[in-house]
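Tertiary structure, described
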Amino acid sequence: MDTLFVLTGNCTLKTVESAKEKKLVTTVRATLACCHKPVSIRRVQFVLLVTRYVKFSNSSMTRKMIDFSKLSEDGLREFKNRYDAYIFDMDETLIQQNGSPIEGVEEALNEIAENGKSIMVFTDNCLAVLKDVAERLNGLFPVIKKENIMNAGHLVVRYLKEINFKKKVYVIGSENGIIADLKDSGFDVLYENQVRVGAVVIGSDLNFNYLKMFNATNYLADPEVLLIQTHVPVVVAYNPIIPGVGAIIASLKAVSGRKDSTATGKGSDYCSKYLKSFGFPAERCLFVGDGISNDVVAGNRTGMDTMLVLTGASSLENVEKARAENLHEQIPTYYANSVADLIKAFKT
């Protein structure tokens with residue numbers, strides 16, 4: 001019987017040996033036959049996979065998480081050459097909760113840019129208008145161009161424009177964030193249950209209350225009213241636990257009976273569409289963030305490699321819990337202590 005070796009995109013050779021793994025060989029060969037013709041040499045078959053690194057598990061093929069700190073010099077050089085574009089989360093990835101830069105991040109970003117790589121930022125944070133977010137980040141990290149910064153709130157604006165939305169909007173969200181973004185873009189925003197609306201939009205709202213739930217629920221009684229949310233996760237941080245927009249949406253769906261909503265934040269189909277619009281092949285992009293339920297999911301769903309940085313929401317324990325629950329989209333390609341560690345790949 002031929003021995004099957006799989007050479008992954010990370011240039012790691014994986015030998016298929018166990019009985020359970022061998023059962024998958026037929027499926028793998030059939031799939032690869034659609035795009036790559038295997039070449040047999042001395043009864044040893046080599047197959048080049050151009051997707052992200054995968055390994056065989058008992059039930060399916062799941063991602064193998066790589067400790068960035070343990071990459072060899074050759075591994076670091078391969079990492080450097082592998083990606084043309086880096087997409088970063090903002091909060092607790094580039095900056096701390098108090099708004100100051102995380103130590104060493106600016107130097108790492110400068111090295112990435114000096115090596116001809118593109119840098120983008122996508123944040124679910126819509127407590128401020130996109131213009132203010134972009135100016136703030138560009139002031140902290142001049143190598144990040146303002147036009148390469150986007151947040152989930154402004155993607156709501158883009159979505160409504162794409163569907164040629166002309167009706168009134170009821171918004172639960174930040175006055176200085178998504179509400180201002182919608183107003184500045186010409187949308188008629190309401191705060192109270194006054195007249196008919198065409199959409200209910202839910203963003204981050206530190207002042208969410210019963211009255212807002214009441215208004216939104218009664219608008220949603222009309223099945224023609226759109227339900228739109230910014231980011232997806234129910235929880236955005238764990239220490240302390242910080243509820244996200246997903247928690248507000250869950251309460252509204254429970255009361256209104258709605259089953260579906262349109263999301264624009266990380267992990268949503270609309271976000272994946274936006275990330276693909278950058279013009280880079282997905283396999284040439286690395287999505288870097290501190291959350292496995294949003295950042296890692298966003299990158300994985302778009303077909304990008306992903307890196308979890310341990311400076312914020314998620315820990316390695318969270319990753320192992322996700323693995324135990326078969327939440328494979330929450331497993332990153334790499335993990336590192338900080339974005340600052342990336343400088344090693346560009347100093348090798």
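The preceding data block contains the structure.
Below: a short report on this structure. If you're wondering where the values come from, they're calculated on a predicted model, not measured in any experiment.

As for the pairing of strand β15 (residues 235-238)
- With 3 bridges joining them, β15 and strand β16 (residues 241-243) adopt antiparallel strand pairing. Within the sheet, the bridge partner assigned to Val235 lies in β16 and is Pro243.
- Connecting the antiparallel pair β15 and β16 is a turn made up of 2 residues.

Topic: the pattern of salt bridges
- Scanning the entire structure with this criterion turns up 16 salt bridges.
- In this structure, the salt-bridge partner of Glu73 is Arg77, at a minimum N-O distance of 3.9 Å. With Glu73 and Arg77 both in helix α2 (residues 73-82) and 4 residues apart, this pair spans about one turn of that helix.
- Of the charged contacts in the structure, one is a salt bridge between Arg323 and Glu320, with a shortest N-O distance of 3.7 Å. With Arg323 and Glu320 both in helix α11 (residues 316-324), this residue pair falls 3 residues apart, about one helical turn.
- For Arg323, a relative accessible area of 23% gives the class partly exposed.
- With a relative accessible area of 41%, Glu320 lands in the partly exposed category.
- If you follow the salt bridges from partner to partner, you end up with Glu73, Asp74 and Arg77 in one network.

Details of the sheet that holds strand β14 (residues 226-229)
- Spatially, β12-β11-β13-β14-β17 is the arrangement adopted by the 5 strands of the open sheet, whose pairing is parallel. Bordering the open sheet on either side are β12 (189-190) and β17 (262-263), each of which pairs with just one other strand.
- Pairing analysis gives 4 bridges linking strand β13 (residues 199-202) to β14, with the strands arranged parallel. Within β14, the residue paired with Ile202 across the bridge is Gln229.
- In this fold helix α8 (residues 245-256) packs onto β13 and β14, with an angle of close to 155 degrees to the strand it touches most, β14.

Considering the nonpolar core
- Counting residues in each nonpolar core, the largest one holds 63 residues, and the members touching the most others are Phe79, Phe88, Leu94, Leu182 and Met307.
- Per-element tally for this core: the top contributor is helix α5 (residues 152-162), with 6 residues.
- When neighbours within four sequence positions are excluded, Leu94 is seen to be in contact with Phe88, Asp89, Pro101, Ile102, Val105, Leu109, Val121, Phe141, Ile144 and Val339.
- Formed by 16 residues, the second largest nonpolar core is a distinct cluster that contains Ile172, Tyr219, Leu227 and Val245.

Structural notes on the packing of aromatic side chains
- By the definition in use, this model includes 11 aromatic pairs.
- Plain terms: the ring middles of Tyr170 and Tyr219 are 5.2 Å apart, the flat faces sit at 45 degrees to each other, and that makes the pair tilted. Here Tyr170 is found in strand β11 (residues 169-172), whereas its partner Tyr219 is found in helix α7 (residues 210-219), with 49 residues between them in sequence.
- In this structure an aromatic cluster arises from ring pairing among Phe68, Phe79, Tyr83, Tyr86, Phe88, Tyr334 and Phe346.

Thoughts on the side chain of Asp67
- You can see Asp67 is positioned in strand β7 (residues 66-67).
- Notably, Asp67 is buried but unbridged: the nearest opposite-charge side chain belongs to Lys70, and the N-O separation is 4.2 Å.
- A distance of 2.6 Å separates the side chain of Asp67 from the side chain of Ser69, its partner in a polar contact.
- Looking at Asp67, its side chain comes within polar contact range of the side chain of Tyr335, at 3.2 Å.

Analysis parameters
Residues numbered from 1 in each chain as written. Predicted model: local features only at pLDDT ≥ 70, side-chain atom pairs only at ≥ 80, totals over all residues. Heavy atoms only, no water. Pairing = 2+ DSSP bridges. Helix = DSSP H or I, 4+ residues; strand = E, 2+ residues; numbered from the N terminus. Salt bridge = Lys/Arg side-chain N within 4 Å of Asp/Glu carboxyl O. Buried < 20%, exposed > 50% of the residue type's maximum accessible area, 1.4 Å probe, protein only. Contact = heavy atoms within 4.5 Å. Axes fitted to C-alpha atoms, helices over the stretch in contact; angles between N-to-C directions. Core = buried A, V, L, I, M, F, W, Y, C linked by side-chain atoms within 4.5 Å. Phe/Tyr/Trp six-rings, centres within 6.5 Å; stacked < 30°, edge-to-face > 60°. Lys, Arg positive; Asp, Glu negative; His and termini not counted. Polar contact = N/O pair within 3.5 Å; in protein donor to acceptor, adjacent residues only side chain to side chain.

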